[in-house]
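Understanding the architecture of this molecule
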Amino acid sequence: MFAKECWYVAALSREVGRSLLSRTIANEALVMYRTEAGQPVVMLDRCPHRLVPLSAGKLVGDAVQCGYHGITYNHDGRCIKIPGEHQISAKFCSTTFPAVERWGFIWVWLSDATAADESKLPQDFHWGTEPGWTPLSDYLRVEGNYQLLVDNLLDLSHEAFLHMGTIGNAAVAETPAETTLRGDFVQVARYMKDCGPPKLFVRAAGFTTNIDRTQRIIYTPPCYVVIEVRAVPTGTDGAERKLEWWVLNALTPETDRTTHYFWGLPRGFAHDDAELTEMLRAGILRTFEEDRVMIEAQQRVLDKVSLDLRTVYTKADQAPGRARSIVSAMIAREHQSAQPVTDTGS
Amino acid sequence: MFAKECWYVAALSREVGRSLLSRTIANEALVMYRTEAGQPVVMLDRCPHRLVPLSAGKLVGDAVQCGYHGITYNHDGRCIKIPGEHQISAKFCSTTFPAVERWGFIWVWLSDATAADESKLPQDFHWGTEPGWTPLSDYLRVEGNYQLLVDNLLDLSHEAFLHMGTIGNAAVAETPAETTLRGDFVQVARYMKDCGPPKLFVRAAGFTTNIDRTQRIIYTPPCYVVIEVRAVPTGTDGAERKLEWWVLNALTPETDRTTHYFWGLPRGFAHDDAELTEMLRAGILRTFEEDRVMIEAQQRVLDKVSLDLRTVYTKADQAPGRARSIVSAMIAREHQSAQPVTDTGS
Amino acid sequence: MFAKECWYVAALSREVGRSLLSRTIANEALVMYRTEAGQPVVMLDRCPHRLVPLSAGKLVGDAVQCGYHGITYNHDGRCIKIPGEHQISAKFCSTTFPAVERWGFIWVWLSDATAADESKLPQDFHWGTEPGWTPLSDYLRVEGNYQLLVDNLLDLSHEAFLHMGTIGNAAVAETPAETTLRGDFVQVARYMKDCGPPKLFVRAAGFTTNIDRTQRIIYTPPCYVVIEVRAVPTGTDGAERKLEWWVLNALTPETDRTTHYFWGLPRGFAHDDAELTEMLRAGILRTFEEDRVMIEAQQRVLDKVSLDLRTVYTKADQAPGRARSIVSAMIAREHQSAQPVTDTGS
């Protein structure tokens, strides 16, 4: 069960164009495309007539023509053609969802359209297309529940064991984290002074000495984690050499046990270096592949172990634990507000 | 759940010979072969001893020897050998089913053998080996429920969208169909005057002008659809150039979500043209492959969508809707007649 | 459901060393390795913290370090390191199981450790490393329940049909077996006089005439079958030419429908012939591959047929039938003794 009164990233901007893209989001099979004017469209990926996927059909102008019997739906879902018939019943419509393009991503709202307020987008993602910053984004698919990835990102001590070839150093496991839990606000910060630089940091910024490394992790329900990263040579203010980027993580549930992992890495240095951009893309994809392998092994264990199994917790589990409580409460509220009102009067 | 008091096509005649052929029909695993005299034999494909498939054994004369412990069953199911034992209990027998060979196909009857009346075969299949007609038949397997294929064949408007490379033309979607529903008789006819010829028609009969095209679709429960097809150059009686064939479709359920699609295409023209026969085989297989891809996508949607989902209907859905009602009633009658009689007397 | 108060073979001795070996035994995912001193260690293959497999981590001395967050468990299961924390709760421990190395195999005990008595090992396996005998052992995995393999080995009449290329001859199906059933003791013996030698016997011992062949099959619950095999030229005492070996079969359940098949073939002749050893390994693996294919076909039938299906029995089924009864009683006793004691007072 997923929270539904929220925006999910459905695609990178560059993935959606003038062909039909099929993708399942939160257990709903969707089809996406752009109108001739460039507006993103998201529909349920099935023709209401015979239930075949609309993505097996084709675009005709701004409309989708089903590939089976040719029934055609406009971008607003309205049926505009049934071959061999003159009248079209109002029941013949496809289901569409509010979709917006922002910060390099296509976002979709899967519940009541009247509540699809853009102010509910996770605002920290503005870094994705921030003027003066160099963008980078990509995608991988993980065969594990999205909350396992939230857990992963809210306890970065694992970088010291899983990611020593890229972003890990010993300090990230040994330095105490400062965890802030305040209502739905969850933040984990680590200030690592005079520590060895991770390999990817050396390749990206050319560090030759120890560094001061800062990482500030911010969670936004249900599936967003952004990380502010900063490193400078120890004893300097970074005026000569610094590394600063945001890691934007959108962990969109595909199904109960699979996740679309959309990510961005906008950086605040070395802006004209296209080679650096591709090196960082490769380095981050390698890192997230390491996570993917571990998360998928974890998911396979969870698929098998009995339900009454209890895990034990470290101090580092405070933030991921709170994140899960927030989502549970969010889903509970959604279900409560969906209850019919009953007259309790005398 | 399938209708059981009926004949199902289990194989093309040419598939069954002096080796053991294993195939599941209506959820029953069967093994088929011919006796030395050429009679088709159909048995349950498991040894009653240790339940291994008999098809893993071998033919010994007219009998099947299990490949595990050598227990041997005659073509009538009677056990004739248990290695190491002298007496054979009457309980040791394999289950056999009535089987007949007719019109180029092997037919099997899966319920009460005393009711296995050959008059219950779908008589229109006689075209499969009609004197003066050129036969053609083949097989493909579809990972979708057989009723999706009945739906497909009773609404051929889809030819205009899915099969434009072979048998589709625009007329088949735009021309109103004449649907006849009378008890268990379901027929859909379309008379398309002065229309562009489909590509396969041009390749088969060399049309150079518009044609008059007739298609008459007849359903026989539970899984038979035959289509009478005729085309002549517009304004002629076809004396110089005509196309006429029957499409015989036997949609035998394998499991609840898979189908054995046996088909024939006997034609009434160009009888000595073996090259044409192979061209037609390739053209029909391509067409049915296009159906297969769409039906399997449809089945995957059906596997996932919730049960209370309702589809909407077009006028073209009358015949497929009636076909489903007929099968439901057929299954209900079978179950009713299987009820024990209870005394309601005073 | 499996018997748990017993030893299971978890690995060949040579499979377990200074790296982490993951294997599921009786539905429990385990990780195995040796300490620096060479002692075998068997643990549950999941970190109690985040439930990832410990086998995705690494050995650090005698301890296992989880590959995700670096939490480290000693070979006795005690947690000795949580990165970033100074105190370690006693709840942080991994689950370990008694393990012993005997006769060329690693054995594990999956229930109450205080009952893990080595006298409960199946003593006939001592032949695996018997002084004066030449050892041979290997492994294959079978996608079938382990009891199907017990059935297989307790009725060797199947050798005459499935294994004619290696160990089968006609006599093994036609010669009456002497079955001894006495409490939990199950033995099947066959004394085949003046029979044609199986092909593998000819290749192994160079027989040029008929042989006298003895096979004595002994079952030890829940999953052990050892077979004493002896053959000499008919009319001799084997002083000049003889074949003698034991077939040791440990059929460890992996899951309800898969089995780890560990086997040994210690022989009492031709001790310095390494080429013969490899020829025998290939011959036995081919034989067991033939069994594997049949058992897996059998399992697939069992996966599908309805539960009320009854099989019929031959005389040769006495021993496998008894073996199943013994295991059922064994499981029932285990469950009974696990019942809480209730006061039935006066």
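Remember, predicted model here, so these are calculated numbers, not experimental data. (Residues numbered from 1 in each chain as written. Chains lettered and ligands numbered in written order. Predicted model: local features only at pLDDT ≥ 70, side-chain atom pairs only at ≥ 80, totals over all residues.)

**Concerning the domain arrangement of chain A**
Residue and element names in this part refer to chain A. In terms of domain boundaries, chain A breaks down into domain 1 (7–118) and domain 2 (130–331). When each unit is reduced to the centre of its C-alpha atoms, the spacing between domain 1 and domain 2 is 33 Å. Each side of the interface is counted separately: domain 1 has nine residues, and domain 2 has ten residues. Only strand 1 (7–12) and strand 2 (21–25) provide two or more residues apiece to the side of domain 1 that touches domain 2. In terms of residue count, the dominant contributor to the side of domain 1 that touches domain 2 is strand 1 (three residues). For the side of domain 1 that touches domain 2, a count of residues per class yields six nonpolar, three polar and no charged. (Domains from an automatic or database assignment. Contact = placed C-beta atoms within 7 Å. Helix = DSSP H or I, 4+ residues; strand = E, 2+ residues; numbered from the N terminus. Nonpolar A, V, L, I, M, F, W, Y, C, P; charged D, E, K, R; others polar.)

**A short note on the relation of the copies chain B and chain C**
In screw terms, the move from chain B to chain C is a rotation of 120° and a rise of 0.1 Å along the axis, fitting with an RMSD of 0.1 Å. The transformation just described matches what one would write down for a three-fold rotation axis. Proximity to the rotation axis, assessed at the C-alpha, singles out B:D303 in chain B; its C-alpha lies 12 Å from the axis. (Least-squares fit on C-alpha atoms with pLDDT ≥ 70 in both.)

**A look at the pairing of strand 15 (residues 211–220) of chain C**
Residue and element names in this part refer to chain C. Bridging between strand 14 (residues 185–195) and strand 15 involves eight bridges; their strand directions are antiparallel. Pairing of C195 across the sheet is with I211, part of strand 15. As paired strands, strand 15 and strand 16 (residues 224–233) are joined by ten bridges and run antiparallel to one another. The residue of strand 16 that forms the bridge with R213 is A231. From the end of strand 15 to the start of strand 16, which pair antiparallel, there are three residues. (Pairing = 2+ DSSP bridges.)

**Remarks on the interface of chain A and chain C**
On the side of chain C, 19 residues touch chain A, which itself brings 20 residues to the contact. Where the side of chain A that touches chain C is concerned, the elements lending two or more residues are helix 2 (159–162), helix 3 (171–174) and helix 5 (274–304) of chain A. Of the residues forming the side of chain A that touches chain C, the biggest block, five residues, is contributed by helix 5 of chain A. Classifying every residue of the side of chain A that touches chain C gives twelve nonpolar, five polar and three charged.

**Here we look at the interface of chain B and chain C**
For an interface, size is often stated in terms of accessible area lost upon the parts coming together. Contacts between the two partners involve 19 residues from chain B and, on the opposite side, 20 residues from chain C. Its residues assigned to classes, the side of chain B that touches chain C shows nine nonpolar, six polar and four charged.

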